[in-house]
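Analysis of the macromolecular model
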Amino acid sequence: MGETPTTGRCRCCRHKLADPVSLAYGIGPDCRERLGITRRRRLRLSRVRPGGDCPGQGDLLEET
């Protein structure tokens, strides 16, 4: 994959883009809002302590 460009134009309205988020999408903030495109949020997974089991984990592996 290539690097994100430092300048560009919006794919919708052709206005100049400068901020990194807009450049990554290739679409400016006003056009993203108009199109209903929202920024992805990072998914946070809760961790199980080392050596610990999740409730019901054993049941998944048992044959019936």
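All of these numbers come straight from a predicted model, not from anything done at the bench.

Brief notes about the overall build of the protein chain
Secondary structure assignment for the protein chain yields three helices and two strands. Taken from N to C terminus, the helices and strands of the protein chain fall in the order β-β-α-α-α. When each of the 64 residues of the protein chain is scored for burial, the buried share is 17%. Sequence-distant contacts, at least 24 apart, represent 0% of the contacts inside the protein chain between residues at least 6 apart.

Regarding the nonpolar core
Grouped together as the largest cluster of nonpolar side chains are five residues: Cys10, Leu17, Leu23, Ile27 and Cys31. Apart from the residues within four sequence positions on either side, Leu17 is in contact with Thr7, Gly8, Arg9, Cys10, Ser22, Leu23, Gly26, Ile27 and Gly28.

Topic: the environment of Gly26
With respect to the secondary-structure elements, Gly26 resides in the loop between α1 (20-25) and α2 (29-35). On a C-alpha basis, the gap between Gly26 and Cys12 in space is 8.8 Å, while along the polypeptide they are 14 residues apart. In this structure, Gly26 is in contact with Arg9, Cys10, Arg11 and Leu17, ignoring residues within four places of it in sequence.

Regarding the side chain of Arg32
Relative to the helices and strands, Arg32 resides in helix α2. Despite its burial, Arg32 pairs with no opposite charge, the nearest such side chain being Asp19 at 5.2 Å. Engagement of the side chain of Arg32 in a polar contact is seen with the side chain of Ser22, the distance being 3.1 Å. Residues in contact with Arg32, not counting those within four places in the same chain, are Val21, Ser22, Tyr25, Ile27 and Ile37.

Observations regarding the environment of Leu23
Within the element layout of this structure, Leu23 appears in helix α1. Leu23 gets classed as buried once you look at its relative accessible area, which sits at 10%. For the pair Leu23 and Thr7, spaced 16 residues apart in the sequence, the C-alpha separation amounts to 7.0 Å.

Brief notes about the state of the cysteines
For the structure on display, the rule yields zero disulfides. Left without a disulfide partner, Cys10 is nearest to the cysteine sulfur of Cys31, which lies 3.7 Å away. In this model Cys31 remains outside any disulfide bridge; the closest cysteine sulfur is found in Cys13, 3.7 Å from its own.

Basis of the calculations
Residues numbered from 1 in each chain as written. Predicted model: local features only at pLDDT ≥ 70, side-chain atom pairs only at ≥ 80, totals over all residues. Heavy atoms only, no water. Helix = DSSP H or I, 4+ residues; strand = E, 2+ residues; numbered from the N terminus. Buried < 20%, exposed > 50% of the residue type's maximum accessible area, 1.4 Å probe, protein only. Contact = heavy atoms within 4.5 Å. Core = buried A, V, L, I, M, F, W, Y, C linked by side-chain atoms within 4.5 Å. Lys, Arg positive; Asp, Glu negative; His and termini not counted. Salt bridge = Lys/Arg side-chain N within 4 Å of Asp/Glu carboxyl O. Polar contact = N/O pair within 3.5 Å; in protein donor to acceptor, adjacent residues only side chain to side chain. Disulfide = S-S within 2.5 Å.

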